[in-house]
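Survey of secondary and tertiary structure
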Amino acid sequence: MSLVDLMSTAKPNFELRDRILLKLGRKDLVNCYQCIKCTSGCTALKLLELKPHEIVKLVNLGLVEDLPSSDIIWTCVTCLKCVQRCPQKASPYHVIIALRNLAVERGAKVPEGYLKIVSQILESGLAEPPQKIVTRKMETVDRESAKLPKIKPPKQTFQAAFMKAMEEK
Amino acid sequence: MKIAVYWGCCIQANQFAYEISLRATLPKLGIELVDLSESVCCGDPVKSVNDFAADFLAVRVLAQANLTGLDNLLVPCNRCHFTLSEAQDNMKKKPQSAQKIINLLKEEGLEYNPNIKIWHTINLLHDHVGLEKITKAAKKPFRGLKVATHVGCQLIRYGDLGRADDAENPRKLDELIEAIGAEAVDYAEKLDCCGAALMRSHPDSALSLAGSKLKAVQGLNVAGLVVSCPDCGLMFDVKQKDAGTIVGAKFDVPVVYYTQLLGLAMGIDSKKLGLQLNQSPAEKLLAKIST
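Residues numbered from 1 in each chain as written. Chains lettered and ligands numbered in written order. Predicted model: local features only at pLDDT ≥ 70, side-chain atom pairs only at ≥ 80, totals over all residues.

Quick look at the overall build of chain A now. When you go through chain A residue by residue, the secondary structure sums to nine helices and two strands. Reading chain A from its N terminus to its C terminus gives the helix and strand order α-α-α-α-α-α-α-α-β-β-α. For a compact globule of 169 residues, the expected C-alpha radius of gyration is about 15 Å, and chain A comes in at 20 Å, more than 25% above that figure. With the principal axes as the frame, chain A shows a C-alpha extent of 60 × 40 × 30 Å. Expressed as a percentage of the 169 residues in chain A, the buried residues total 36%. (Helix = DSSP H or I, 4+ residues; strand = E, 2+ residues; numbered from the N terminus. Rg over C-alpha atoms; globule rule 2.2 N^0.38 Å. Buried ≥ 20, exposed ≤ 12 C-beta atoms within 10 Å, placed from the backbone.)

Rendered as structure tokens:
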């Protein structure tokens, strides 16, 4: 479903919009006057057709029902140019992050990698396990052979605290 | 200066060259590194899942830094640097969630200290150590060596947070290059993104971004590409071949961390700077330096 379809067929859900505004902790979003500076500088525009100004407009109109299940919110490369350049501080990047959080909360389709990382952190503290790397001369090197200090895992209290934090919405 | 250091996941998991070269160069410039007592994610990849939990992880890192009793924290990864800086800002701007985080930390016997100053390699070297001292330390300056720099997105944006350099015209990395006698060329694609954040959802597009930038750099006829972020390093160095496949090009661009180049200029042996670990043809750059 394209964003244009969302605009013409969806019904506004202002409750959900207010939740997003609350999550953002500010109301600057409504000040967007569609100057399109965000989209004209967007790294993901050329490759994946992300148009941040459309997402901001949809949220402002309350047309947020279908956005969390749309693949478009996962195309942002988080270069932060839109946050930097927005004259109204509407900050499309933060809107996209809020929509991704909603997608997870609603059990919508989320790229697998993100959820894997959460369990990885829960297990070991780190988002990715230390690896063995192969050099240009085909030698295998790990932290130990590179004479780097050992990774220090978090203390036992960490898991419970992180799980509690993950329950917050 | 004695400074706490938070390495983050990417450096510790596979970008050993950055860690090795930081550990080799900084102490020689009067910077003593103190490792934190735990290695836990900064929260960056969790932002897309639950931004409160991401902030919790970031503030927890700052609380870990607080245990060292030091007021300065070095964060050599751009993404970690951004995540910690934004979490520090959120602690001021979102009092309700800040209180929840403080309570969670209390359960673990940890305490948040809002006054910790977060540094990155680039502004620590440029603003604290200073260009003059670096020039003096560079016993073997690279006269006539031309390189391209890639600062990375999250180190310079967004300005409201107070970032390590200017968002639209970052100069510090270039000046650090000049301080060791080399030249940093200007090029149109300088601020283009490496694509790392898309690897989880759209890996082909991510590699295409890295590939486009490498194409531009290869066309500059420079000795190499200098980076200062492990994610960017991963994309341009480790994934260089894959990026070439995606954009239909054959790359042989040496990609090195600034601290590796700095170490060479200081006369440190290339092995002690992890240059054997770069996947791109670093020997091409080394050959240019030694002649």
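Another point: the interface of chain B and chain A. Contacts between the two partners involve 48 residues from chain B and, on the opposite side, 51 residues from chain A. Of all the elements, helix 3 (residues 51-67) of chain B adds the most residues to the side of chain B that touches chain A, at four residues. (Contact = placed C-beta atoms within 7 Å.)

Residues and elements named next belong to chain B. On domain assignment, one finds that chain B holds domain 1 (2-119) and domain 2 (132-290). Every contact between the two is made by 21 residues of domain 1 and, on the other side, 23 residues of domain 2. At the level of secondary structure, the elements contributing two or more residues to the side of domain 1 that touches domain 2 comprise helix 1 (9-13), helix 2 (16-25) and helix 4 (78-93). In terms of residue class, the side of domain 1 that touches domain 2 is made up of eleven nonpolar, six polar and four charged. (Domains from an automatic or database assignment. Nonpolar A, V, L, I, M, F, W, Y, C, P; charged D, E, K, R; others polar.)

All names here are of chain B. Reading across from one edge, 2-1-3-4 is the order of the four strands in this open sheet, with parallel pairing throughout. Because the sheet does not close on itself, it has two edges, and the strands there are strand 2 (32-35) and strand 4 (117-119). In this sheet, adjacent strand axes meet at a mean angle of 40° when their direction is disregarded. By the bridge criterion, two bridges tie strand 1 (residues 2-5) to strand 3 (residues 72-74) in an arrangement that is parallel. Bridge assignment links Val5 to a residue of strand 3, and that residue is Leu74. (Pairing = 2+ DSSP bridges. Axes fitted to C-alpha atoms, helices over the stretch in contact; angles between N-to-C directions.)

Below, the discussion takes up the nonpolar core. All names here are of chain B. The biggest cluster of nonpolar side chains holds 149 residues, and the ones touching the most others in it are Leu57, Leu73 and Ile180. Per-element tally for this core: the top contributor is helix 3, with eleven residues. Those residues in contact with Ile180 that lie beyond four places of it in its chain are Ile134, Ala138, Pro141, Phe142, Leu261, Leu262 and Ala265. (Core = buried A, V, L, I, M, F, W, Y, C linked by C-beta atoms within 7 Å.)

Residue and element names in this part refer to chain B. Taken in spatial order, the four strands line up as 6-5-7-8 in an open sheet, and their pairing is parallel. Only two strands of the sheet have a single partner each, and these edge strands are strand 6 (183-184) and strand 8 (255-257). Each of strand 7 (225-227) and strand 8 touches helix 12 (residues 258-265); the most contacted strand, strand 8, lies at about 75° to it.

This part covers the packing of helix 2 (residues 14-24) of chain A against helix 7 (residues 92-105) of chain A. Residue and element names in this part refer to chain A. Packing of helix 2 against helix 7 brings their axes to within 10 Å, and their N-to-C directions diverge by 120°. For the pair helix 2 and helix 7, the crossing hand works out as right-handed. Of helix 7, the residues touching helix 2 (which contributes Ile20, Lys23 and Leu24) are His94, Val95, Ala98 and Asn101. (Left-handed = near helix turned anticlockwise from the far one by under 90°.)

All names here are of chain B. Helix length check: helix 3, at 17 residues, gives a terminal C-alpha distance of 25 Å against a target of 24 Å (1.5 Å per residue), a fit within 8%. Of all the 17 residues making up helix 3, 16 are buried; the element is thus mostly covered by neighbouring parts of the structure. Count one or two residues on from helix 3 and you reach Gly69, which has phi positive near 80°. (Expected span 1.5 Å × (residues − 1).)

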